[in-house]
Amino acid sequence: MNNGFGGEIAARIVEHCFDALDAPVRRVAREGLLPAVRSRARSCDPAVTRRRHPGDARLGAVVEGSNKMSKRLIGLALSLIGSVAIGLLAGQKFFQLFDKTVPAGSMTELVRAGTHSAYLLSGFVFGLVIFGWTTVAAWLARFFPAAAGGDSTPPGQPAK
Amino acid sequence: MATGGYKPVVEIQFSDYSYPAYMQIRNEISTLRWRSGGAWSCPVVVRMATGGYIRGGPFHSQCPESLYIHTPGWYVAYPSNAADAKGTDENRVPHRRPRHLLRAQGLYRQVFSKSFEPDADYLIPFGKAKIVQPGTDMTAITWGSGVVRCQRAAAELAKDGFSVEVIDLRTLVPLDQDPSFRPYGRPGRRSSSMKRR
(Lines give C-alpha, C1' and ligand atoms only; values in the text may rest on other atoms or scores of the structure.)
Protein backbone atom coordinates (compact mmCIF):
# COMPACT_ATOMS: atom_id res chain seq x y z
CA MET A 1 0.00 0.00 0.00
CA ASN A 2 2.82 2.37 0.84
CA ASN A 3 3.57 5.01 -1.82
CA GLY A 4 1.54 3.12 -4.42
CA PHE A 5 -0.70 4.16 -7.27
CA GLY A 6 -3.72 4.32 -4.97
CA GLY A 7 -2.22 7.39 -3.34
CA GLU A 8 -2.16 9.11 -6.74
CA ILE A 9 -5.84 8.38 -7.30
CA ALA A 10 -6.69 9.52 -3.79
CA ALA A 11 -4.84 12.78 -4.37
CA ARG A 12 -6.72 13.44 -7.60
CA ILE A 13 -10.07 12.62 -6.01
CA VAL A 14 -9.41 14.99 -3.14
CA GLU A 15 -8.21 17.67 -5.53
CA HIS A 16 -11.14 17.48 -7.93
CA CYS A 17 -14.05 16.07 -5.95
CA PHE A 18 -13.49 17.08 -2.36
CA ASP A 19 -17.00 18.45 -1.90
CA ALA A 20 -18.60 15.25 -3.16
CA LEU A 21 -16.93 13.01 -0.61
CA ASP A 22 -18.94 11.82 2.36
CA ALA A 23 -16.12 9.80 3.86
CA PRO A 24 -12.35 9.71 3.65
CA VAL A 25 -10.79 7.96 0.69
CA ARG A 26 -9.54 4.57 1.80
CA ARG A 27 -6.97 2.29 0.23
CA VAL A 28 -7.13 -1.48 0.36
CA ALA A 29 -3.90 -3.17 -0.65
CA ARG A 30 -1.23 -5.58 0.33
CA GLU A 31 0.62 -4.62 3.47
CA GLY A 32 3.81 -2.68 2.98
CA LEU A 33 5.93 -5.73 3.64
CA LEU A 34 7.86 -8.24 1.63
CA PRO A 35 5.94 -11.40 0.73
CA ALA A 36 5.79 -13.94 3.48
CA VAL A 37 8.62 -16.42 3.76
CA ARG A 38 9.25 -19.06 6.33
CA SER A 39 12.89 -19.91 6.73
CA ARG A 40 12.39 -23.56 7.64
CA ALA A 41 11.43 -26.48 5.45
CA ARG A 42 8.48 -24.94 3.60
CA SER A 43 9.50 -21.82 1.78
CA CYS A 44 6.18 -20.01 1.98
CA ASP A 45 3.43 -20.02 4.49
CA PRO A 46 0.05 -19.79 2.70
CA ALA A 47 -1.71 -18.67 5.86
CA VAL A 48 0.60 -15.69 6.28
CA THR A 49 0.31 -14.90 2.59
CA ARG A 50 -3.47 -14.89 2.87
CA ARG A 51 -3.37 -12.55 5.84
CA ARG A 52 -1.11 -10.07 4.08
CA HIS A 53 -3.01 -9.88 0.81
CA PRO A 54 -6.32 -8.15 0.56
CA GLY A 55 -8.88 -10.92 0.58
CA ASP A 56 -12.40 -10.71 -0.73
CA ALA A 57 -13.76 -9.71 2.64
CA ARG A 58 -11.51 -6.79 3.38
CA LEU A 59 -13.30 -4.31 1.14
CA GLY A 60 -16.50 -5.02 3.03
CA ALA A 61 -14.67 -4.72 6.30
CA VAL A 62 -13.45 -1.27 5.33
CA VAL A 63 -16.98 -0.18 4.48
CA GLU A 64 -18.55 -1.37 7.66
CA GLY A 65 -15.50 -0.66 9.76
CA SER A 66 -15.41 -1.13 13.46
CA ASN A 67 -18.53 1.00 13.66
CA LYS A 68 -21.03 -1.75 12.92
CA MET A 69 -19.23 -4.30 15.04
CA SER A 70 -19.04 -2.07 18.08
CA LYS A 71 -22.71 -1.20 17.70
CA ARG A 72 -23.51 -4.88 17.54
CA LEU A 73 -21.45 -5.59 20.66
CA ILE A 74 -23.08 -2.74 22.56
CA GLY A 75 -26.48 -4.06 21.53
CA LEU A 76 -25.62 -7.54 22.72
CA ALA A 77 -24.28 -6.23 26.03
CA LEU A 78 -27.38 -4.09 26.64
CA SER A 79 -29.59 -7.05 25.77
CA LEU A 80 -27.70 -9.30 28.18
CA ILE A 81 -27.84 -6.76 31.02
CA GLY A 82 -31.54 -6.11 30.41
CA SER A 83 -32.46 -9.78 30.26
CA VAL A 84 -30.54 -10.65 33.42
CA ALA A 85 -32.00 -7.63 35.24
CA ILE A 86 -35.53 -8.70 34.26
CA GLY A 87 -34.78 -12.25 35.42
CA LEU A 88 -33.38 -11.13 38.75
CA LEU A 89 -36.30 -8.74 39.34
CA ALA A 90 -38.76 -11.54 38.57
CA GLY A 91 -36.92 -13.87 40.95
CA GLN A 92 -37.02 -11.25 43.68
CA LYS A 93 -40.75 -10.57 43.14
CA PHE A 94 -41.65 -14.28 43.16
CA PHE A 95 -39.61 -14.77 46.30
CA GLN A 96 -41.49 -11.90 48.00
CA LEU A 97 -44.82 -13.51 46.98
CA PHE A 98 -43.61 -16.85 48.30
CA ASP A 99 -42.39 -15.21 51.50
CA LYS A 100 -45.84 -13.66 52.15
CA THR A 101 -47.66 -16.98 51.75
CA VAL A 102 -45.44 -18.81 54.22
CA PRO A 103 -46.43 -18.24 57.86
CA ALA A 104 -43.85 -16.23 59.74
CA GLY A 105 -41.46 -18.30 61.79
CA SER A 106 -42.23 -21.56 60.00
CA MET A 107 -38.74 -21.72 58.44
CA THR A 108 -35.32 -20.99 59.76
CA GLU A 109 -33.33 -18.02 58.55
CA LEU A 110 -30.94 -20.39 56.77
CA VAL A 111 -33.73 -22.06 54.80
CA ARG A 112 -35.20 -18.64 53.96
CA ALA A 113 -31.84 -17.35 52.65
CA GLY A 114 -31.35 -20.56 50.67
CA THR A 115 -34.78 -20.26 49.10
CA HIS A 116 -34.11 -16.62 48.32
CA SER A 117 -30.87 -17.42 46.51
CA ALA A 118 -32.54 -20.31 44.69
CA TYR A 119 -35.23 -17.91 43.43
CA LEU A 120 -32.62 -15.36 42.37
CA LEU A 121 -30.57 -18.07 40.66
CA SER A 122 -33.54 -19.34 38.69
CA GLY A 123 -34.36 -15.70 37.82
CA PHE A 124 -30.79 -15.27 36.56
CA VAL A 125 -31.04 -18.42 34.46
CA PHE A 126 -34.42 -17.22 33.18
CA GLY A 127 -32.76 -13.93 32.15
CA LEU A 128 -30.04 -15.83 30.28
CA VAL A 129 -32.72 -17.83 28.48
CA ILE A 130 -34.48 -14.61 27.45
CA PHE A 131 -31.20 -13.20 26.21
CA GLY A 132 -30.42 -16.35 24.26
CA TRP A 133 -33.84 -16.47 22.69
CA THR A 134 -33.89 -12.77 21.70
CA THR A 135 -30.41 -13.10 20.23
CA VAL A 136 -31.43 -16.13 18.20
CA ALA A 137 -34.63 -14.36 17.15
CA ALA A 138 -32.68 -11.27 16.07
CA TRP A 139 -30.34 -13.47 14.10
CA LEU A 140 -33.26 -15.31 12.51
CA ALA A 141 -34.88 -12.00 11.58
CA ARG A 142 -32.22 -11.33 8.96
CA PHE A 143 -33.64 -14.21 6.95
CA PHE A 144 -37.12 -12.64 6.97
CA PRO A 145 -36.60 -9.05 5.85
CA ALA A 146 -40.30 -8.56 5.05
CA ALA A 147 -41.29 -9.34 8.64
CA ALA A 148 -38.71 -6.89 9.93
CA GLY A 149 -40.41 -4.00 8.14
CA GLY A 150 -39.53 -4.62 4.53
CA ASP A 151 -37.16 -2.10 3.03
CA SER A 152 -35.40 -1.14 6.22
CA THR A 153 -32.34 1.09 6.15
CA PRO A 154 -29.24 -1.08 5.88
CA PRO A 155 -26.85 -1.07 8.82
CA GLY A 156 -24.30 1.68 8.79
CA GLN A 157 -26.33 4.02 6.62
CA PRO A 158 -28.01 7.14 7.93
CA ALA A 159 -31.77 7.27 7.44
CA LYS A 160 -32.78 8.51 4.03
CA MET B 1 15.06 -4.07 -32.66
CA ALA B 2 12.38 -1.52 -31.87
CA THR B 3 14.60 1.32 -33.03
CA GLY B 4 15.12 -0.63 -36.26
CA GLY B 5 11.42 -0.70 -37.02
CA TYR B 6 10.51 -4.07 -35.55
CA LYS B 7 7.87 -4.51 -32.89
CA PRO B 8 9.44 -6.68 -30.25
CA VAL B 9 7.31 -8.08 -27.46
CA VAL B 10 9.36 -9.05 -24.43
CA GLU B 11 7.86 -11.50 -21.99
CA ILE B 12 9.35 -11.39 -18.52
CA GLN B 13 8.28 -14.45 -16.59
CA PHE B 14 7.75 -12.59 -13.34
CA SER B 15 7.76 -8.83 -12.99
CA ASP B 16 10.18 -9.28 -10.10
CA TYR B 17 12.77 -10.26 -12.71
CA SER B 18 12.53 -6.96 -14.53
CA TYR B 19 14.88 -5.14 -12.19
CA PRO B 20 18.12 -6.22 -13.91
CA ALA B 21 16.69 -4.48 -16.98
CA TYR B 22 15.63 -1.40 -15.07
CA MET B 23 18.65 0.58 -16.26
CA GLN B 24 17.62 0.04 -19.89
CA ILE B 25 13.93 0.52 -19.11
CA ARG B 26 14.41 3.72 -17.17
CA ASN B 27 17.50 5.32 -18.71
CA GLU B 28 17.64 4.13 -22.29
CA ILE B 29 14.18 3.32 -23.58
CA SER B 30 12.14 5.96 -21.83
CA THR B 31 14.39 8.84 -22.83
CA LEU B 32 15.25 7.82 -26.39
CA ARG B 33 12.65 9.96 -28.12
CA TRP B 34 13.52 12.92 -25.95
CA ARG B 35 17.26 12.47 -26.42
CA SER B 36 16.97 12.18 -30.17
CA GLY B 37 14.57 15.05 -30.57
CA GLY B 38 11.86 12.69 -31.77
CA ALA B 39 14.00 11.15 -34.49
CA TRP B 40 14.14 7.72 -32.86
CA SER B 41 11.71 5.88 -30.70
CA CYS B 42 11.70 2.49 -29.08
CA PRO B 43 8.14 1.13 -29.08
CA VAL B 44 8.92 -2.10 -27.28
CA VAL B 45 6.18 -4.01 -25.47
CA VAL B 46 7.13 -5.63 -22.16
CA ARG B 47 4.71 -8.18 -20.75
CA MET B 48 5.10 -9.22 -17.16
CA ALA B 49 3.26 -11.51 -14.78
CA THR B 50 2.68 -9.46 -11.68
CA GLY B 51 1.36 -9.54 -8.17
CA GLY B 52 0.45 -11.98 -5.47
CA TYR B 53 -2.11 -14.69 -4.78
CA ILE B 54 0.01 -17.50 -6.23
CA ARG B 55 1.79 -18.28 -2.97
CA GLY B 56 5.04 -17.34 -4.61
CA GLY B 57 8.15 -16.41 -2.75
CA PRO B 58 9.61 -12.93 -2.42
CA PHE B 59 10.82 -12.92 -6.04
CA HIS B 60 7.52 -13.98 -7.57
CA SER B 61 4.90 -11.81 -5.91
CA GLN B 62 5.85 -8.18 -6.22
CA CYS B 63 3.78 -5.32 -7.59
CA PRO B 64 6.26 -3.03 -9.37
CA GLU B 65 3.66 -0.96 -11.20
CA SER B 66 4.42 2.09 -9.07
CA LEU B 67 8.03 1.94 -10.34
CA TYR B 68 6.91 1.90 -13.95
CA ILE B 69 4.18 4.50 -13.70
CA HIS B 70 6.87 6.81 -12.37
CA THR B 71 9.02 6.12 -15.41
CA PRO B 72 8.29 8.80 -18.01
CA GLY B 73 7.57 7.75 -21.56
CA TRP B 74 6.05 4.38 -20.80
CA TYR B 75 2.42 3.45 -21.04
CA VAL B 76 1.32 0.99 -18.40
CA ALA B 77 -1.64 -1.35 -18.84
CA TYR B 78 -2.92 -3.63 -16.10
CA PRO B 79 -5.81 -5.64 -17.56
CA SER B 80 -8.15 -7.56 -15.31
CA ASN B 81 -9.38 -10.25 -17.72
CA ALA B 82 -8.36 -12.10 -20.84
CA ALA B 83 -10.25 -9.92 -23.30
CA ASP B 84 -8.76 -6.71 -21.92
CA ALA B 85 -5.34 -8.34 -21.99
CA LYS B 86 -5.74 -9.00 -25.66
CA GLY B 87 -7.16 -5.56 -26.30
CA THR B 88 -4.18 -3.84 -24.72
CA ASP B 89 -1.65 -6.34 -26.02
CA GLU B 90 -2.35 -5.76 -29.66
CA ASN B 91 0.78 -4.48 -31.30
CA ARG B 92 -0.42 -3.91 -34.83
CA VAL B 93 -1.26 -0.29 -34.35
CA PRO B 94 1.67 2.04 -34.95
CA HIS B 95 2.71 3.12 -31.51
CA ARG B 96 5.66 5.31 -30.75
CA ARG B 97 5.63 4.77 -27.04
CA PRO B 98 7.10 1.80 -25.21
CA ARG B 99 4.47 -0.06 -23.25
CA HIS B 100 4.39 -2.14 -20.12
CA LEU B 101 1.67 -4.75 -19.95
CA LEU B 102 1.37 -6.00 -16.42
CA ARG B 103 -0.72 -9.09 -16.04
CA ALA B 104 -1.97 -10.12 -12.64
CA GLN B 105 -0.62 -13.61 -12.46
CA GLY B 106 -3.14 -14.48 -9.76
CA LEU B 107 -5.71 -14.28 -12.56
CA TYR B 108 -3.97 -16.76 -14.82
CA ARG B 109 -6.00 -19.89 -15.40
CA GLN B 110 -8.85 -18.61 -13.24
CA VAL B 111 -12.38 -19.23 -14.42
CA PHE B 112 -13.58 -15.77 -13.51
CA SER B 113 -10.99 -14.04 -15.68
CA LYS B 114 -11.96 -16.01 -18.76
CA SER B 115 -13.89 -14.21 -21.42
CA PHE B 116 -14.81 -14.71 -25.03
CA GLU B 117 -11.87 -14.02 -27.24
CA PRO B 118 -12.55 -10.79 -29.06
CA ASP B 119 -11.87 -10.54 -32.74
CA ALA B 120 -8.64 -9.28 -34.21
CA ASP B 121 -9.85 -5.69 -34.35
CA TYR B 122 -10.61 -5.51 -30.65
CA LEU B 123 -8.45 -2.74 -29.21
CA ILE B 124 -8.78 -1.01 -25.90
CA PRO B 125 -7.62 2.58 -26.16
CA PHE B 126 -5.06 3.42 -23.53
CA GLY B 127 -6.49 5.77 -20.95
CA LYS B 128 -10.03 4.44 -21.11
CA ALA B 129 -11.38 2.96 -17.90
CA LYS B 130 -14.48 0.83 -17.64
CA ILE B 131 -17.33 0.98 -15.17
CA VAL B 132 -17.64 -2.71 -14.40
CA GLN B 133 -20.64 -2.31 -12.21
CA PRO B 134 -22.79 0.75 -11.56
CA GLY B 135 -23.60 1.76 -8.02
CA THR B 136 -24.69 4.71 -5.94
CA ASP B 137 -23.40 4.47 -2.38
CA MET B 138 -19.71 4.03 -2.84
CA THR B 139 -17.09 3.76 -5.54
CA ALA B 140 -14.25 1.26 -5.67
CA ILE B 141 -11.55 2.30 -8.12
CA THR B 142 -9.36 -0.67 -8.85
CA TRP B 143 -7.32 -2.53 -11.43
CA GLY B 144 -5.88 -5.94 -12.19
CA SER B 145 -6.69 -8.68 -9.76
CA GLY B 146 -8.51 -6.22 -7.50
CA VAL B 147 -11.43 -6.01 -9.92
CA VAL B 148 -12.85 -9.46 -9.30
CA ARG B 149 -12.32 -9.09 -5.57
CA CYS B 150 -14.14 -5.76 -5.56
CA GLN B 151 -16.96 -7.36 -7.51
CA ARG B 152 -17.22 -10.16 -4.98
CA ALA B 153 -17.15 -7.72 -2.08
CA ALA B 154 -19.76 -5.58 -3.85
CA ALA B 155 -21.99 -8.64 -4.21
CA GLU B 156 -21.61 -9.30 -0.49
CA LEU B 157 -22.40 -5.68 0.34
CA ALA B 158 -25.42 -5.74 -1.96
CA LYS B 159 -26.97 -8.22 0.45
CA ASP B 160 -26.73 -5.54 3.14
CA GLY B 161 -28.30 -2.97 0.84
CA PHE B 162 -25.14 -1.16 -0.26
CA SER B 163 -24.80 -0.26 -3.90
CA VAL B 164 -21.12 -0.25 -4.84
CA GLU B 165 -19.77 1.06 -8.09
CA VAL B 166 -16.69 -0.77 -9.37
CA ILE B 167 -14.37 0.98 -11.82
CA ASP B 168 -11.64 -0.97 -13.61
CA LEU B 169 -8.92 1.47 -14.64
CA ARG B 170 -7.49 -1.00 -17.21
CA THR B 171 -4.54 1.29 -17.99
CA LEU B 172 -2.66 3.15 -15.28
CA VAL B 173 -0.68 5.38 -17.63
CA PRO B 174 -2.37 7.28 -19.10
CA LEU B 175 -4.95 7.41 -16.36
CA ASP B 176 -8.55 7.90 -17.38
CA GLN B 177 -9.77 10.72 -15.22
CA ASP B 178 -13.28 10.87 -16.57
CA PRO B 179 -15.03 7.81 -15.13
CA SER B 180 -13.01 8.06 -11.96
CA PHE B 181 -14.19 11.51 -11.19
CA ARG B 182 -17.47 11.99 -13.00
CA PRO B 183 -19.50 10.19 -10.32
CA TYR B 184 -18.21 12.50 -7.64
CA GLY B 185 -19.30 15.54 -9.55
CA ARG B 186 -22.96 14.76 -9.10
CA PRO B 187 -24.29 16.74 -6.19
CA GLY B 188 -26.00 15.00 -3.32
CA ARG B 189 -24.33 11.68 -3.92
CA ARG B 190 -23.17 9.62 -1.01
CA SER B 191 -19.78 8.46 -2.03
CA SER B 192 -16.55 7.42 -0.58
CA SER B 193 -14.01 5.59 -2.59
CA MET B 194 -11.32 3.05 -2.30
CA LYS B 195 -8.80 1.35 -4.43
CA ARG B 196 -7.19 -1.95 -4.16
CA ARG B 197 -4.88 -4.00 -6.21
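What counts, and where the lines are drawn
- Residues numbered from 1 in each chain as written.
- Chains lettered and ligands numbered in written order.
- Predicted model: local features only at pLDDT ≥ 70, side-chain atom pairs only at ≥ 80, totals over all residues.
- Heavy atoms only, no water.
- Helix = DSSP H or I, 4+ residues; strand = E, 2+ residues; numbered from the N terminus.
- Buried < 20%, exposed > 50% of the residue type's maximum accessible area, 1.4 Å probe, protein only.
- Contact = heavy atoms within 4.5 Å.
- Areas by Shrake-Rupley, 256 points an atom, 1.4 Å probe, with all protein chains shown as cover.
- Polar contact = N/O pair within 3.5 Å; in protein donor to acceptor, adjacent residues only side chain to side chain.
- Pairing = 2+ DSSP bridges.
- Right-handed = clockwise from strand over helix to strand, strands pointing away.
- pLDDT = per-residue confidence, 0-100.

Now for the overall build of chain B. For chain B, the helix and strand inventory stands at 6 helices and 9 strands. For chain B, with 197 residues in total, the buried portion stands at 56%. In chain B, 81% of the contacts between residues at least 6 apart in sequence involve partners at least 24 apart. Element-wise, carbon and sulfur atoms account for 56% of the exposed surface of chain B, whose accessible area totals about 9000 Å².

Attention now goes to the side chain of Thr171 of chain B. Mapped onto the secondary structure, Thr171 of chain B falls in strand β8 (residues 171–173). At 3.2 Å, the side chain of Thr171 of chain B and the backbone oxygen of Pro174 of chain B are in polar contact.

To continue, consider the pairing of strand β6 (residues 138–142) of chain B. Residue and element names in this part refer to chain B. Taking burial as the measure, the 5 residues of β6 include 5 buried ones, the bulk of the element. Of the two faces of β6, the one holding Met138, Ala140 and Thr142 and the one holding Thr139 and Ile141 are both buried throughout. Strand direction decides the pairing type here: β6 and strand β7 (residues 164–168), joined by 5 bridges, are parallel. Within the sheet, the bridge partner assigned to Thr142 lies in β7 and is Asp168. Read as a crossover between parallel neighbours, the route from β6 over helix α5 (residues 146–159) to β7 is right-handed.

Moving on, we come to the confidence of the model for chain B. All names here are of chain B. On average, residues of chain B score 74 in pLDDT, and 70% of them reach the 70 mark or higher. Across chain B, the element-wise mean pLDDT spans from 47 in strand β9 (residues 193–196) up to 87 in helix α1 (residues 22–29). Contacts of residues 183–197 to residues separated by more than four positions or lying in other chains number 78 contacts, the stretch itself having pLDDT below 50. Interface confidence for the predicted complex, expressed as ipTM, amounts to 0.73; the pTM equals 0.58.

Residues and elements named next belong to chain B. Residue Val173 is joined to Pro174 through a cis peptide bond whose omega torsion reads -5°. In this model, Arg170 sits at a positive phi of 65°, which is unusual for a non-glycine residue. Note that Arg170 resides in the loop between β7 and β8.

Once that is clear, we can look at the pairing of strand β2 (residues 45–50) of chain B. Residue and element names in this part refer to chain B. Among the 6 residues of β2, 5 are classified as buried, and the element is accordingly described as predominantly covered. As defined by bridge partners, strand β1 (residues 9–12) adjoins β2 across 4 bridges and the pair is classed as parallel. Of the residues in β2, the one forming a bridge with Val9 is Val45.

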